[in-house]
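So you can see what is in the structure, the chains are spelled out below.
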Amino acid sequence: MKGKKETGKTLRRQIWEYRWIYLLGIPGLVVMFLMYYMPLRGILMAFQDYNPHLGILGSPWTGLKHFRTLFSDPKFYNMLKNTLVISGLNLLTFPVPIFLAMLLNEVRNLKFKKFIQTSIYLPHFMSWAIVVSLTFFLLSTEQGVVNKLIVMAGGEPFAFLFSTKWIYLILVVQSLWKSVGWNSIVYLAAISGIDQSLYEAAKMDGANRFQCMMKITLPSIMPTVIVMLILRMGSIISVDFEQTFLMNNPLVKSKLEVFEIFIYNNSIATGSTQYSYTTAVGLFKSVVNTALVCLTNWITSRRGYEGVM
Amino acid sequence: MNRKGKDKMGMRLRENIYQAVLWFILLILAATMLVPFLYVLMLSFTDASAYVAGAFNLWPKKFSLAAYGLILKGSGFLNALKSTLIITVIGTPLSLFLNAGLAYCLSKPIPGKSFLNKYVMFTMLFSAGMVPNFMNIKALHLLDNYLACILPAACGAWSIMVMRSFFQSLPAELEEAAMIDGCGQLRIFGVIVLPLSKAMLASMTLFSFVSYWNTYFNSIMYMTTTAKSTLQVYVQKVVLSSGMSSSDMVDMQSVVQNVVPQEVTRMAAVVVVILPILVIYPFLQKYFQAGMMVGAVKG
C-alpha cells in the first residue's frame, strides 16, 4: 500500500482529485451501512426487555438478565452440542476436496478434466431447497429411490428422514455433495502453482507417482491446506440455517435445534415477543463467531501466511 | 535398444491403466453429481397412465408434459416466478454495480482507504443477528418489499475483496496513459477497466445471479404476502410439505382428479426452478474458473 502522501498537496486537494473514484464507491458504502451497520443498534435489545411500543430508547434496561437465563437453560447446551457435533462431522470431510484436487491434477486428457470439473461444481449452485428436495426423492418413504428399491427387494420401507440415527449422516453427505467440487478449486489452483522441475528431478531419482504425491504435491500445498483448515475452524459455531431448517421435522427436531433455528422459531416465525431473549442468543453466537475468526486469522498471520484480512 | 523399447511400452501401458482407473473413479463421482438431476428430469415427463405409485422407474414408459402444464397453470408458480424474476433482474446488475464501484474505489490509493477497508471487512466479521436485521428491515419499511430480498445480499465483503485484488492486478500503465490523454476517472473505469475485467465480471454475474435466484431465507424472513415469496419457497412447499398444504400451489382440480401424480408434479417443479441455472451455467462456467483463481491464489 502506498501510504506516502504526495508533498505539497493538502488532504482536501487529494480528496478532490479522487472525487469521481469516491463517487463510484459511495453507493456500495451506503447500502452496506443500511444493511450491516444500521442493524447494530438492535443489539441493545439484548440488554433490555424490549417492548415494541416503547422502542429501543424507551424500553427498560435489564443488564445481563437474558444472558444469565441463556446460560442456565438446558436448551442452550443442547443447541451448543448440536452445533458442535454437526460442524465436527462436517470437518471430518475436510480432506476429501484435497484428494479430489490431487486426482483431478493427474488426469492427462484436458477435455475429460473439464467435463469432470463442470459436473462436480454444479451442485454448488443449487439452493438448499433443491438439495433437500433431491434428498427427499432419494430417501422419502413412499417416493424415495432407496425405499422403492428396498420394497422391490421385499423389505420394509424405512423413514430415513425421520430417523435421529440417520439425520447427521444425511446432513454431512448433503454438505459434501454440494461443496466438494467447489472446495477443490482452491487446491487445484495451489497444485498448478507447484514448480514442475521438482517432479522432473524426482522422476530422475526414480520416484514413483505415489511418492511424488506424498513428497512433493502434499507438502507444497500444505500452506493452503492449513489456511483453509483454520478458516473452517473459524466457522465451527455456525451451521447452515437453510439446510437445518429445511431438514427439520418433529421427529428429528431435538437433533437439529441450533442457534439460528431457535432464534427463528422463537421470534419471526411465531410473531412472539421474545425479541430481547432471541437477540441475546444471536449476540452470543455472533461474538463467539467473531472471536473465532479473529483468533484463527491471528494464528494464520503469525504462522507467516498472509492473513485473510 | 530393444530393452529400452520394452520398458517404454510397459510404462505406457502402466500409464494407460492408471489413467483408466482415474477416469473410472472420477466418472463415478461426476455421476453422483449429475444422475440426481437426470433422474428428476426423466421422471418429470412420466404420463399418469404409465405411473405406478411406489414403483421404481428410471425411464418413463409414456412421455407427457402434463405435470409442466399443471405447474404453469397454477398461480403459485407464476407468482413465485414473478417475484424471483424481479429480485434477480434488479438485484444482479445492482449488486455488480455496487461491488465493482466500491472495489475499484478501494483499489486506488485514496485518502481514508484503510478506514474504508476496515469498514468493508467488518461486515464479514460481525453480524448483528437475525432479530436485529429483521427489526432493521421493518424500521426501513421494507417488509414485504422486494428490496428486502435484494439489498441484504447486494454487497458482500468477499466479492469486493476478490474484485479489488483483480483491479489491483491490472497494469497501471494503461490507466496512466489514458489519464495523460485527458480521460476522466469515470471514463477510465467504464472504457478501460471494466472491459479488461470481463472474465471476472462474468463470474461475479454468475455468483450474483445464482444467489438471487436461490433466495430463500430472506424471502421467508421478510416477505409476509404468500404471493410474493420466491421460487425456492414454492419448490419447498410443493416438494417438502406433505398432502393438501401444497394444493394451493398447483391447480387443485387436477390433483383431485389425479390427472398428474404428485411425485411427477414435484419433480417437474424442481426442474423448472433449476432450469435457468442449468442453462446459464455452461456459458459462464469457462469464465468463473479464471475469475475464481484470482481470489483463490491470493487466499
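Residues numbered from 1 in each chain as written. Chains lettered and ligands numbered in written order. Predicted model: local features only at pLDDT ≥ 70, side-chain atom pairs only at ≥ 80, totals over all residues. Heavy atoms only, no water.

J.: Describe the overall build of chain A, listing the residues and the values that go with them.
T.: For chain A, the helix and strand inventory stands at 16 helices and 0 strands. Relative to a compact globule of 309 residues, whose C-alpha radius of gyration would be 19 Å, chain A shows 25 Å and is clearly more extended. Referenced to the eigenvectors of the C-alpha coordinate spread, the extents of chain A come out at roughly 85 × 75 × 35 Å. Relative to its full complement of 309 residues, chain A shows a buried share of 48%. In chain A, the share of contacts with a sequence separation of at least 24, taken over all contacts with a separation of at least 6, comes to 65%. Approximately 15700 Å² of chain A is accessible, and the part contributed by carbon and sulfur atoms is 65%. (Helix = DSSP H or I, 4+ residues; strand = E, 2+ residues; numbered from the N terminus. Rg over C-alpha atoms; globule rule 2.2 N^0.38 Å. Buried < 20%, exposed > 50% of the residue type's maximum accessible area, 1.4 Å probe, protein only. Contact = heavy atoms within 4.5 Å. Areas by Shrake-Rupley, 256 points an atom, 1.4 Å probe, with all protein chains shown as cover.)

J.: Any chance you could break down the overall build of chain B for me, citing the residues and the numbers?
T.: The secondary structure content of chain B amounts to 14 helices and 0 strands. When the helices and strands of chain B are read in sequence order from the N terminus, they spell out α-α-α-α-α-α-α-α-α-α-α-α-α-α. Counting contacts in chain B only where the partners sit at least 6 residues apart, residues at least 24 apart contribute 74% of the total. Summing over all exposed atoms, chain B offers an accessible surface of approximately 14000 Å²; the carbon and sulfur share of this is 69%.

J.: Residue-level account of the state of the cysteines, with values.
T.: With the rule as written, the count across this model stands at 0 disulfides over all chains. B:Cys105 takes part in no disulfide bond, and the closest cysteine sulfur to it belongs to B:Cys155, at a distance of 12 Å. (Disulfide = S-S within 2.5 Å.)

J.: Any details on the packing of helix H10 (residues 167-192) of chain A against helix H12 (residues 209-234) of chain A? Residues and values, ideally.
T.: All names here are of chain A. Close contact between H10 and H12 brings their axes to 9 Å; oriented N to C, the two are set at 140°. By the criterion of interaxial angle, the relationship of H10 to H12 is oblique. For the element pair H10 and H12, the recorded crossing hand is right-handed. Between H10 and H12, the contacting residues are Val186, Tyr187, Ala190 and Ile191 on the first element and Thr217, Ile221, Thr224, Val225 and Met228 on the second. Tallied by class, the residues present in the contact of H10 with H12 amount to 7 nonpolar, 2 polar and no charged. (Axes fitted to C-alpha atoms, helices over the stretch in contact; angles between N-to-C directions. Parallel < 35°, antiparallel > 145°, perpendicular 65-115°, else oblique. Left-handed = near helix turned anticlockwise from the far one by under 90°. Nonpolar A, V, L, I, M, F, W, Y, C, P; charged D, E, K, R; others polar.)

J.: Describe the packing of aromatic side chains, with residues and values.
T.: This model, assessed by the stated rule, comprises 40 aromatic pairs over all chains. Between B:Tyr104 and B:Phe189, the aromatic rings sit 4.5 Å apart at their centres with planes inclined by 40°, giving tilted as the arrangement. You can see B:Tyr104 sitting in helix H3 (residues 75-106) and its partner B:Phe189 sitting in helix H9 (residues 185-196), a full 85 residues away along the chain. For B:Phe189, a relative accessible area of 8% puts it in the buried group. Pairwise contacts between aromatic rings join A:Phe33, A:Tyr37, B:Phe115, B:Tyr119, B:Phe122 and B:Phe126 into one cluster. Directly above the aromatic system of A:Trp16 lies the positively charged group of A:Arg19, at a separation of 4.2 Å from the ring centroid. Against the face of A:Trp128 rests A:Lys178, its NZ or CZ located 5.1 Å from the ring centre. (Phe/Tyr/Trp six-rings, centres within 6.5 Å; stacked < 30°, edge-to-face > 60°. Lys NZ or Arg CZ within 6 Å of the ring centre and 35° of its normal.)

J.: So what's going on with the side chain of B:Thr215? Which residues, and what values?
T.: Looking at where B:Thr215 falls in the secondary structure, it is placed in the loop between helix H10 (198-213) and helix H11 (217-222). Overall, the relative accessible area of 6% leaves B:Thr215 in the buried class.

J.: Talk me through the interface of chain A and chain B; I want residue IDs and the actual numbers.
T.: Each side of the interface is counted separately: chain A has 93 residues, and chain B has 97 residues. Taken over both partners, the interface formed by chain A and chain B buries close to 9000 Å², and the fraction arising from carbon and sulfur atoms is 76%. Summed over the three residues of chain A that lose the most area to chain B, namely A:Leu24, A:Met35 and A:Phe125, the buried surface amounts to 8% of that side. Close ionic contact of B:Glu263 with A:Lys148 constitutes a salt bridge, the shortest N to O distance being 2.7 Å. Along the contact surface separating chain A from chain B lie 23 residue pairs in polar contact (both at pLDDT 80 or more). Here the side of chain A that touches chain B takes 16 residues from helix H2 (residues 19-37) of chain A, the largest share from any one element. Tallied by class, the residues present in the side of chain A that touches chain B amount to 65 nonpolar, 16 polar and 12 charged. (Buried area = accessible area lost by both parts, 1.4 Å probe. Salt bridge = Lys/Arg side-chain N within 4 Å of Asp/Glu carboxyl O. Polar contact = N/O pair within 3.5 Å; in protein donor to acceptor, adjacent residues only side chain to side chain.)

J.: Kindly report on the environment of B:Ala268, identifying the contributing residues and their values.
T.: All names here are of chain B. Structurally, alanine 268 is set in helix H14 (residues 262-298). By relative accessible area, alanine 268 is classed as buried at 0%. Note: C-alpha distance between alanine 268 and alanine 66 (202 residues apart in sequence) is 9.6 Å. With near-sequence residues (within four places) excluded, alanine 268 lies in contact with Ser44, Ala67, Tyr68 and Ile71.

J.: Talk me through the pattern of salt bridges; I want residue IDs and the actual numbers.
T.: Residue and element names in this part refer to chain A. Counted according to the given criterion, the structure contains 6 salt bridges over all chains. Between aspartate 49 and lysine 65 there is a salt bridge, with the nearest N and O atoms lying 3.0 Å from each other. Taken together, the residues aspartate 49 in the loop between H2 and helix H3 (55-58) and lysine 65 in helix H4 (residues 65-71) connect sequence positions 16 residues apart. Using a relative accessible area of 30% as the deciding quantity, one classes aspartate 49 as partly exposed.

J.: Explain unusual backbone geometry to me, and be specific about the residues and the numbers.
T.: Residues and elements named next belong to chain B. Backbone geometry places histidine 141, a non-glycine residue, at a positive phi of 60°. For histidine 141, the location among the structural elements is in the loop between helix H5 (130-139) and helix H6 (147-150). Despite not being glycine, aspartate 144 shows a phi value in the positive range, around 70°. Mapped onto the fold, aspartate 144 is located in the loop between H5 and H6. With relative accessibility at 15%, the residue aspartate 144 sits in the buried group.

J.: Tell me about the environment of A:Gly181, and please be specific about residues and values.
T.: All names here are of chain A. By the element assignment, glycine 181 lies in helix H10. A residue is classified by how much of its surface remains accessible, and glycine 181, at 0% relative accessible area, is buried. Expressed as a C-alpha distance, the spacing of glycine 181 and isoleucine 120, which sit 61 residues apart in the sequence, is 4.8 Å.

J.: Give me the packing of helix H15 (residues 259-266) of chain A against helix H16 (residues 275-302) of chain A: which residues, what numbers.
T.: Residues and elements named next belong to chain A. Taken N-terminus to C-terminus, the directions of H15 and H16 make an angle of 160°; their axes are 9 Å apart at the nearest point. In this view, H15 runs roughly antiparallel relative to H16, as classed from their interaxial angle. With respect to the hand of their crossing, H15 and H16 are arranged in left-handed fashion. Where H15 approaches H16, its residues Phe259, Glu260, Phe262, Ile263 and Asn266 are matched on the opposing element by Tyr277, Thr278, Val281, Gly282, Phe284 and Lys285. A class-by-class count of the residues in the contact of H15 with H16 yields 6 nonpolar, 3 polar and 2 charged.

J.: Tell me about the nonpolar core, and name the residues and values.
T.: Counting residues in each nonpolar core, the largest one holds 169 residues, and the members touching the most others are A:Phe137, B:Val120, B:Met163 and B:Phe167. Built from parts of two domains, this core gets at least three residues from each of domain 1 (1-32) and domain 2 (66-170 + 198-298) of chain B. Discounting residues that sit within four places of it in the chain, B:Val120 has contacts with A:Met32, B:Leu102, B:Leu106, B:Ala157, B:Ile160 and B:Met161. Counting 7 residues, the second-largest nonpolar core is a separate cluster that includes A:Ala46, A:Ala280, A:Leu283 and B:Ala128. (Core = buried A, V, L, I, M, F, W, Y, C linked by side-chain atoms within 4.5 Å. Domains from an automatic or database assignment.)

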